Amino acid sequence: MSEQLIFLNGKFVKKQEAVVSVYDHGFLYGDGVFEGIRAYSGNVFRLDEHLTRLYDSAKSIMLTIPYTKEEMTAIVVETLRQNHLQDGYIRLVVSRGVGDLGLSPFSCEMPTVIAIAEPLRIFPKELYETGLEIVTVATRRNRSDVLSPMVKSLNYLNNILVKIEANLAGVPEALMLNDQGYVAEGSADNIFIVKNNKLLTPPGHVGALVGITRNAILDLAREKGYEVAEAVFTRHDVYTADEVFLTGTAAEVIAVKKVDGRVIGEGKPGPVTQDLLDSFRELTQNDGVKIYDQTLNVS
Ligand code: PMP
């Protein structure tokens, strides 16, 4: 990759110069919102949905993004172009901006807006062939009536604690339950179980982010004639499922072969998971905002 350029408050700057103030409330308090987006072969996948989620998250925390959605589309596309990327991961961050040391966001005059585009680092390829092993962790999902999982905020401590527990247990990802003990999601991905060709995933109110990959999989599965439902379920349902898989922008669709020591199905990616991964990859090649087909101005 030639020199990486980062979009920072209206300008493209070199990576070493892409720095923000220690008084930025994103840094001081995790006050802000973000998105993780992906481009495939020159198409940005479901950009509109990612931006809708970003703007909804911002609205929920009373943060006004200083760009329209059209301008933000241009920022994402231009960040990819500046870095000569056709395939890659884009991180958009909007923090409350620089203020004083108090908690109040009203001291912050201007949000900080960042777009970073990089080649993607995902789970190693072998894991897509073998499947992942995961464990349930003690850390519970934030209650959705306290801090809604729909707000994709910079406050990811809940998820970080999950990741720490997973890594200490020697596995790359974990299963997180909600405060009532029902299955919620992974640290940064949604979970699906498959039983008798029927797919189930927890509804958002259980404590899952309504993932864009999750929604794409629900649509694809329906189109392919699988029965699908959003449902509340327990670890018992996970242990006794025929297949389990995780979905996310970075992970795409990845099979889970073992949960808390219980082998899932035959202990390898099952046919439904593989079928949906293949269809998902096909979809990503042909669906999205084209990076190189339009002239866009970023100011
Ligand atoms: N849950 C959490 C907590 C996440 O951070 C993510 C990643 N954005 C997901 C689920 C998957 O969502 P998506 O498919 O939109 O990437």
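Details of the structure are given in the entry above.
Residues numbered from 1 in each chain as written. Predicted model: local features only at pLDDT ≥ 70, side-chain atom pairs only at ≥ 80, totals over all residues. Heavy atoms only, no water.

Caption draft 1: Up close: the site of the ligand. Among the 16 residues in the neighbourhood of the ligand, the closest are listed as Tyr156, Glu185, Ile212, Thr213 and Thr249. Glutamate 185 is positioned such that a nitrogen or oxygen atom in its side chain is 2.6 Å from a nitrogen atom of the ligand. Isolated, the ligand exposes 380 Å² of accessible area, and the fraction of that covered by the protein chains is 95%. Elements represented by at least two residues in the shell around the ligand include exactly α6 (212-223) and β13 (243-248). Tallied by class, the residues present in the shell around the ligand amount to four nonpolar, eight polar and four charged. (Near = heavy atom within 4 Å. Polar contact = N/O pair within 3.5 Å; in protein donor to acceptor, adjacent residues only side chain to side chain. Areas by Shrake-Rupley, 256 points an atom, 1.4 Å probe, with all protein chains shown as cover. Helix = DSSP H or I, 4+ residues; strand = E, 2+ residues; numbered from the N terminus. Nonpolar A, V, L, I, M, F, W, Y, C, P; charged D, E, K, R; others polar.)

Caption draft 2: Looking closely at the nonpolar core. If you look at the biggest cluster of nonpolar residues, it comprises 40 residues, and the most contacted ones within it are Leu199 and Leu276. Other than its neighbours up to four places away in sequence, leucine 199 contacts Phe192, Ile193, Val194, Ala221, Tyr226, Glu227, Val228, Ala229, Phe245, Val272 and Leu276. (Core = buried A, V, L, I, M, F, W, Y, C linked by side-chain atoms within 4.5 Å. Buried < 20%, exposed > 50% of the residue type's maximum accessible area, 1.4 Å probe, protein only. Contact = heavy atoms within 4.5 Å.)

Caption draft 3: Main features of the packing of aromatic side chains. Applying the stated criterion across every chain, the model contains six aromatic pairs. Each ring, one from phenylalanine 7 and one from phenylalanine 12, has its centre 5.5 Å from the other, and the planes form 70°; the classification is edge-to-face. On the accessibility criterion, phenylalanine 7 (0% relative accessible area) is buried. Taking the centre distance of 4.9 Å and the plane angle of 10° together, the rings of phenylalanine 192 and phenylalanine 245 count as stacked. A residue pair is termed long-range when its members are at least 10 positions apart, and phenylalanine 192 in strand β10 (residues 190-195) and phenylalanine 245 in strand β13 qualify at 53 residues. What makes phenylalanine 245 buried here is its relative accessible area of 0%. Every member of this aromatic cluster is reached through a ring pair, and the members are Phe7, Phe12 and Tyr67. Lying over the aromatic face of tyrosine 239, arginine 262 brings its terminal NZ or CZ to 4.0 Å of the ring centre. Arginine 281 extends its terminal NZ or CZ atom over the ring of tyrosine 128, reaching a point 5.5 Å from the ring centre. (Phe/Tyr/Trp six-rings, centres within 6.5 Å; stacked < 30°, edge-to-face > 60°. Lys NZ or Arg CZ within 6 Å of the ring centre and 35° of its normal.)

Caption draft 4: Fine view of the packing of helix α2 (residues 47-60) against helix α3 (residues 69-82). At their nearest, the axes of α2 and α3 sit 11 Å apart, and the two run at 120° to each other. What the angle tells us is that α2 and α3 run oblique. In this structure, the crossing between α2 and α3 has a hand that is right-handed. Between α2, through Leu47, Asp48, Leu51, Thr52, Leu54 and Tyr55, and α3, the contact on the second element is made entirely by Lys69, Met72, Thr73 and Val76. For the contact of α2 with α3, a count of residues per class yields six nonpolar, two polar and two charged. (Axes fitted to C-alpha atoms, helices over the stretch in contact; angles between N-to-C directions. Parallel < 35°, antiparallel > 145°, perpendicular 65-115°, else oblique. Left-handed = near helix turned anticlockwise from the far one by under 90°.)

All quantities given are derived from atomic positions and should not be read as evidence of function.
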